[in-house]
Amino acid sequence: MPPISVRLPYLILLVLSLTVPYLVVEHTYPIPTFYSEFATYLLYAFLAAAVAGSLYARRRVLDVGLLRAPKVAWVPLALALWLLLQLVVLHERQPTMNLMGAAFLLAALMAMQTGFWVRQIGLIDATMKWGAYALLVGGVASVACQVVQLTGQESHFYPLVLSYGVKTARRLYGNMAQANHLATYLSFAMMAALYLVQTRRLPVLVWFVLSAAYAMGEALTVSRTPFLQTAMIVGLGWLIAWLQRRDPVNANKSLRPWLIPLVLAVLYIAVNIMVRWANQKFHLELDVSAASRFEDAGQISPRLSLWRYGMAMFKSHPITGVGWGGFPYYQYEFADQLGKVEVANNSHDIVIDLLAKTGLIGTGIFAFGLLGWLWRALRTPLSAERLLGFAIIGLVAMHALIEYPQQYLFFLLPVAFMLGLLETRMAHRVPAFAAWGTQAVLIVAGLLALAPVFRDYQRSEVLYYGKAPEAEYRAAPAFIYGAWGQYGYATLLAMNGANLPYKLAMHEEALTLLPGDTVLKRYAVLLALGGREPAALDVISRLHAFAMGDNDWPENLRSLIKMCDEQGGALKDFKTKLISAYGAPAAAAPGKASDDDDDDDDSE
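Reading the values: rules and limits
- Residues numbered from 1 in each chain as written.
- Predicted model: local features only at pLDDT ≥ 70, side-chain atom pairs only at ≥ 80, totals over all residues.
- Heavy atoms only, no water.
- Helix = DSSP H or I, 4+ residues; strand = E, 2+ residues; numbered from the N terminus.
- Buried < 20%, exposed > 50% of the residue type's maximum accessible area, 1.4 Å probe, protein only.
- Lys, Arg positive; Asp, Glu negative; His and termini not counted.
- Salt bridge = Lys/Arg side-chain N within 4 Å of Asp/Glu carboxyl O.
- Contact = heavy atoms within 4.5 Å.
- Expected span 1.5 Å × (residues − 1).
- Axes fitted to C-alpha atoms, helices over the stretch in contact; angles between N-to-C directions.
- Left-handed = near helix turned anticlockwise from the far one by under 90°.
- Nonpolar A, V, L, I, M, F, W, Y, C, P; charged D, E, K, R; others polar.
- Parallel < 35°, antiparallel > 145°, perpendicular 65-115°, else oblique.
- Phe/Tyr/Trp six-rings, centres within 6.5 Å; stacked < 30°, edge-to-face > 60°.

> If you had to explain the side chain of Glu37 to someone new, which residues and values would you point to?
One can find Glu37 in helix H2 (residues 34-57). No salt bridge is formed by the buried Glu37. Its closest oppositely charged neighbour is Lys357, at 13 Å. Excluding residues that lie within four positions of it along the chain, Glu37 makes contacts with Phe104, Gln407, Tyr408, Leu409 and Phe410.

> Before we move on, can you summarise helix H5 (residues 124-151) with the specific residues and values?
Spacing of three or four residues puts side chains on the same side of an α-helix, whose turn is 3.6 residues. Its 28 residues place the ends of H5 41 Å apart at the C-alpha level, agreeing with the 40 Å of an ideal helix rising 1.5 Å per residue. Downstream of H5 by a residue or two, Gly152 has a phi angle that is positive, lying close to 70°.

> Explain unusual backbone geometry to me, and be specific about the residues and the numbers.
Cis peptide bonds are those with omega within 30 degrees of zero, and the linkage from Tyr29 to Pro30 qualifies with 15°. Within the secondary structure layout, Pro30 lies in the loop between helix H1 (4-17) and H2. Pro159 follows Tyr158 through a cis peptide bond whose omega is 5°. Within the element layout of this structure, Pro159 appears in the loop between H5 and helix H6 (179-198). Phi at His91 takes a positive value of approximately 50°, unusual for a residue other than glycine. With respect to the helices and strands, His91 occurs in the loop between helix H3 (74-89) and helix H4 (95-120). You can call His91 exposed: its relative accessible area is 64%. Backbone geometry places Arg200, a non-glycine residue, at a positive phi of 60°. Mapped onto the elements of the fold, Arg200 is located in the loop between H6 and helix H7 (204-221). The class of Arg200 is exposed, set by a relative accessible area of 53%.

> For the packing of helix H21 (residues 533-549) against helix H23 (residues 572-582), give the residues involved together with the corresponding values.
For the pair H21 and H23, interaxial distance at closest approach is 11 Å and the crossing angle is 40°. At the point where H21 passes H23, the crossing takes the right-handed sense. Taken together, the residues of H23 that come into contact with H21 (itself represented by Glu533, Ala536, Leu537, Ile540, Ser541 and His544) are Asp573, Phe574, Lys577, Leu578 and Tyr582. Among the residues forming the contact of H21 with H23, the class breakdown is six nonpolar, two polar and three charged.

> For the packing of helix H13 (residues 350-378) against helix H14 (residues 384-400), give the residues involved together with the corresponding values.
In the contact formed by H13 and H14, the axes pass within 15 Å of each other and the chain directions differ by 165°. In this view, H13 runs roughly antiparallel relative to H14, as classed from their interaxial angle. With respect to the hand of their crossing, H13 and H14 are arranged in left-handed fashion. Together, Ile350, Trp373, Leu374, Ala377 and Leu378 of H13 and Arg386, Phe390, Ile393 and Ala400 of H14 make up the contact between the two elements. For the contact of H13 with H14, the residue count by class is eight nonpolar, no polar and one charged.

> Describe the packing of aromatic side chains, listing the residues and the values that go with them.
Taken as a whole and assessed by the stated rule, the structure comprises 31 aromatic pairs. Centre to centre, the rings of Tyr185 and Phe188 are 6.3 Å apart; their planes meet at 70°, and the pair counts as edge-to-face. Of this pair, Tyr185 and Phe188 both sit in helix H6, three residues apart, which is roughly one turn of the helix. Phe188 carries the same exposure label as Tyr185, and that label is buried. Ring geometry for Phe188 versus Phe411: centroids 6.0 Å apart, planes at 90°, classification edge-to-face. Linking Phe188 in helix H6 with Phe411 in helix H15 (residues 409-422), this pair joins segments that are 223 residues apart in sequence.

Structure (structure tokens):
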């Protein structure tokens, strides 16, 4: 066991890593999760630096041969290399996503190596105990934010609580700005509480109150996945009880460990019923209950459409996939064939997404690498601490089957850390100096990149929050986030025939990042201004498929007609063809939100 001078800085950073990123209030365009993800990376980079620095300082009293790379480390490294090779093999239209994906995987490699070294020096138990207490605190803080949002008191808690402006069909999301993300984080907290009470580190009454709070928070998100995640947590609770019963030294023969998970299951159902009753009784204006959403086919069909698109992309490029950044463009290409679908940059299922974007090569790397890790991990004697680690990975994996949490650093890095922590085998063919050298490069490069990355993102923010956004961005354009900058800049260009080839090229580049309705409408009108009416109508047919998937075609059609009218008589004939093809637009409903309002995916 390393001395307190080594343990304490690491454990403090661990606590911060499991709480701070999930409580960040700032969410801005063009990437609403940027500040949360930036905080995550900063903390894990310092965590890696603290562990590596402490171990290096004690290298004379450590068996450095044990501090090699974990065997599972080849998975993120190989995937990162494949994403970079895709730039050459596929001639990617949007290389930024491949480069950023590779960078995320290297960050995961750094976190994985850190977790493995922590295991090698015997800190698994301390890590799980401190991490569990951290999750309890983070979960309570998140539920408190939801309560503030529920009562509309955000102004009294600024800047600690994110403002929630929705008045009807509410899905309270705390400070994460996405209900499904918060639901998974609260599942972390619920599992942490169960682990602590099962290992007698938390009084039963305190556990009961905390679990009720987390269950209420999950009910306020109106997310469906927590039902399945809670079932997993209950099952793991019983598995902990079984392990305690089989312990030859301190066998626990009481019924308490078996009853606690059962109480959690009943408590979870009861709290959800109570929240549903309170919603009707006190007019809380929450969305329909998560249980009701399971029965609503309209809530399920959008996922099926995205999966159909993902499989179509895989079939078109089965070996290589369409590229890590290719999903939006190929979704645009397939829209006239496959029809109604939500605009997205992924298929909302980790397996289909890997098949679509990386083909059999990338999916094979992921599947064989992680199945091998799982085989090794399960052959090691289980313990309550190891089960908590498996739970963190499993809860995110369950979420990943119907969304894409693994593409956010605040879920990717904890999972990577746990993969390293639970790995049982070293990569013996990788010398210790190579593992140390790689980790040092990743840490130093990552720390040096913090300031440039932060500043570059702020340059792209100018397009949405600047006083003179077009001029300000043109004077200091973004580089790292240039794709998002170009996207926003394209939508600020004047809608007229001046410098038309440049404007068309800008919009064509923008739709490779995301074929959103604003870009497609502008692109269609610009094509029509250039006399390319068949091409413009083709763009509108694809816009129609996306708008039907998002249930906002009437708003988009009204907006298109308005944009044509703003060109005077130049698009009179095109407007006639548009109305002939899609009919005259219906009048807007009173108080209807603008069609340009863009919300993060919250349909889980």
